[in-house]
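Reading the structure
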Amino acid sequence: MTQSMRPYRSVLYIPGSNARALDKARGLAADAIIFDLEDAVAPDAKDAARTTLRTELDEGGYGNRAKLVRINGFESRWGNADIQAFRNAEIDGILLPKVNSAYDIETLAEMMSDVPIWAMMETASGVLNAKEIAAHPRLAGIVMGTNDLVKELGARPGPDRAEIMTALQISLIAARADGVPIVDGVYNAFKDEEGLRRECEQGRDLGFDGKTLIHPAQIAIANEVFAPSAADLELARRQIAAFEEAEAAGQGVAVVDGKIVENLHIVTAKALIAKADAIADLEG
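What this report covers is the structure whose coordinates are included nearby. (Residues numbered from 1 in each chain as written. Predicted model: local features only at pLDDT ≥ 70, side-chain atom pairs only at ≥ 80, totals over all residues. Heavy atoms only, no water.)

Section: the overall build of the protein chain
Here is the rule: The numbering of helices and of strands both runs from the N terminus, where a helix is a DSSP run of H or I of at least 4 residues and a strand a run of E of at least 2. Within these notes, the globule rule equals 2.2 Å times the number of residues to the 0.38 power, and the radius of gyration is based on C-alpha atoms. Whether two residues touch is decided by their heavy atoms; if any such pair falls within 4.5 Å, the residues are in contact. Accessibility throughout is a Shrake-Rupley quantity obtained with a 1.4 Å probe, and a residue counts as covered only by protein chains that appear here. In this tally, Asp and Glu contribute negative charge and Lys and Arg positive charge; neither His nor the terminal groups of the chain are included. Just so you know, the charge point we use is NZ for Lys, CZ for Arg, CG for Asp and CD for Glu.
Of regular secondary structure, the protein chain possesses twelve helices and ten strands. Against the compact-globule benchmark of 19 Å for 284 residues, the protein chain has a radius of gyration of 20 Å, which places it among compact chains. Its C-alpha atoms give the protein chain principal-axis dimensions of roughly 70 × 40 × 40 Å. Long-range contacts, defined as pairs at least 24 residues apart, comprise 67% of the intrachain contacts of the protein chain with a sequence gap of at least 6. Within the structure as shown, the protein chain displays about 13400 Å² of accessible surface, and the carbon and sulfur contribution to it stands at 51%. Separation of charge centres in the protein chain, based on 30 positive and 44 negative side chains, amounts to 3 Å.

Here it is in structure tokens:
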């Protein structure tokens, strides 16, 4: 599956130190997995986690879902060892935490020539430099690190995320300007299904491709919210049919349900159908 067509509705963090969770992840319905060596792993377990994760990834069995490894940052004493351990691994990307500028991406690119790079957007400097980060030729995607971002800003979290809305939108605009996927931050209250759905819907409406998750119980809601609905697909197909009929009659616009349909709407409609097809392919 090509990078441009791959779904990222649900992106689940899995601790690289937890062999049982790593095995269970093979059967989960997440579109992508972030195998985490950073925040989810205690300092005294870092070295063992690195070995455990590499062994599990070499065994395979994770299907078509995207496999990303979040390494420890350059400033840590584990970052270089993480990079060395996952050269030539069967993964779809390395996720670099706390990216502040395109220089960080370039540094990692020089150290790993064979793996796509994803950036965690979780610092004030990173958000201010979002455009140059997204434009780096080796960048393959962006993950919002909303917890760290709230902490760095000294903000007080609210239910509507007003305190980080500017950062979310700046990062999203940068990603869209350079055509890379971007996934929203985590929802911490993993037992609060109503709150999760509300935040997924907010992220979807803003334009995010999906949401990062901290628990398998969150996968179903993220997959549902970020997938095209049956009604969306039915409308898209009617728009395409009406526009093709209008074009055949020498007209530049069509009307569907009392609304004008132009070529820009057809581009959106076709993208929606392509996304549904990609999801179907992933789910087999």
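Text resumes after the structure shown.
A look at the packing of aromatic side chains
The description of an aromatic ring pair rests on the distance of the ring centres and on the angle between the ring planes. To be explicit about the condition: Any two of the Phe, Tyr and Trp rings considered here, Trp counted by its six-membered ring, make a pair once their centres fall within 6.5 Å; the pair's planes then place it as stacked at under 30 degrees, edge-to-face at over 60, or tilted in between.
For the coordinates displayed, the defined rule picks out two aromatic pairs. Plain terms: the ring middles of Phe 35 and Tyr 62 are 5.2 Å apart, the flat faces sit at 75° to each other, and that makes the pair edge-to-face. Here Phe 35, found in strand 2 (residues 32–36), pairs with Tyr 62, found in the loop between helix 2 (46–59) and strand 3 (66–70); they are 27 residues apart in sequence, far enough to count as distant.

A short note on the layout of surface pockets
Stated formally: Site definitions follow a grid-based scheme: protein atoms alone, a 1 Å grid, a 1.4 Å probe that fits but cannot get out for cavities, and for pockets an open set with protein on both sides within 12 Å along at least five of seven lines, plus lining residues having an atom within 4 Å of a point. Grid points are joined across faces, edges and corners, and a volume is the space filled by probe spheres set on the points. Asp, Glu, Lys and Arg are counted as charged, while Ala, Val, Leu, Ile, Met, Phe, Trp, Tyr, Cys and Pro are counted as nonpolar; the rest, among them Gly, fall into the polar class.
Approximately 980 Å³ is the volume attributed to the largest pocket. Forming the boundary of the largest pocket are 35 residues, of which Arg 176, Asp 209, Ala 271, Leu 272 and Lys 275 lie nearest the centre. Only helix 10 (219–225), helix 11 (230–248) and helix 12 (263–283) provide two or more residues apiece to the lining of the largest pocket. Roughly 410 Å³ of internal volume is contained in the second largest pocket. If you tally residues by element for the lining of the second largest pocket, the top one is strand 1 (residues 10–15), at four residues. Of the residues belonging to the lining of the second largest pocket, the class tally is 13 nonpolar, seven polar and seven charged.

Description of the pairing of strand 1
Rules: Buried, partly exposed and exposed residues are distinguished by accessible area as a fraction of the type maximum, computed with a 1.4 Å probe on protein chains only: under 20%, between the cut-offs, and over 50%, respectively. Strand pairing follows a simple DSSP-based rule, namely that at least 2 bridges must link the two strands. When the strands point away from the viewer, a crossover counts as right-handed if the route from the first strand across the helix to the second turns clockwise.
Of all the six residues making up strand 1, five are buried; the element is thus mostly covered by neighbouring parts of the structure. In terms of strand pairing, strand 1 meets strand 8 (residues 210–213) through three bridges, oriented parallel. Counted as the bridge partner of Leu 12 is Leu 213 from strand 8. Relative to strand 2, strand 1 runs parallel, the two being bridged by five bridges. For Tyr 13, the partnering residue across the bridge sits in strand 2 and is Ile 34. Between the parallel elements strand 1 and strand 2, the chain passes through helix 1 (residues 19–24) in a crossover that is right-handed.

Looking at the nonpolar core
Stated precisely, the cut-off is as follows: Take the buried residues of types Ala, Val, Leu, Ile, Met, Phe, Trp, Tyr and Cys, join any two whose side-chain atoms come within 4.5 Å, and each joined set is a nonpolar core.
Val 69, Phe 86, Ile 94 and Ile 142 are the most contacted members of the largest nonpolar core, which has 60 residues in total. At six residues, helix 8 (residues 165–177) tops the list of elements feeding residues into this core. Look past the residues within four positions of Phe 86 in its chain and what remains in contact with it is Leu 37, Arg 50, Leu 53, Arg 54, Leu 57, Val 69, Ile 91, Ile 94, Met 112 and Val 115. Listed in part, the 14 residues of the second largest apolar core include Val 11, Leu 68, Leu 95 and Val 143.

Some points on the environment of Ala 85
For Ala 85, the position within the fold is in helix 3 (residues 79–85). Ala 85 sits 49 residues away from Ala 134 along the chain, and the two C-alpha atoms are 26 Å apart.

Description of the packing of helix 11 against helix 12
So the rule is basically this: Orientation is described by axes fitted as lines to C-alpha atoms, over the contacting stretch for helices, and by angles from 0 to 180 degrees between their N-to-C directions. Any angle from 65 to 115 degrees is called roughly perpendicular, while one under 35 is roughly parallel, one over 145 is roughly antiparallel, and all others are oblique. A clockwise turn of the near helix away from the far one marks a right-handed crossing, whereas an anticlockwise turn of less than a right angle marks a left-handed crossing.
Remark: helix 11 packs on helix 12, axes separated minimally by 9 Å, with the N-to-C direction vectors making an angle of 135°. When the interaxial angle is binned, helix 11 and helix 12 end up oblique. Crossing handedness for the pair helix 11 and helix 12: left-handed. Here Asp 232, Leu 233, Ala 236, Arg 237, Gln 239, Ile 240 and Phe 243 of helix 11 lie close against helix 12, whose contacting residues are Asn 263, His 265, Ile 266, Ala 269, Lys 270, Leu 272, Ile 273 and Ala 276. Considered class by class, the residues forming the contact of helix 11 with helix 12 number nine nonpolar, three polar and three charged.

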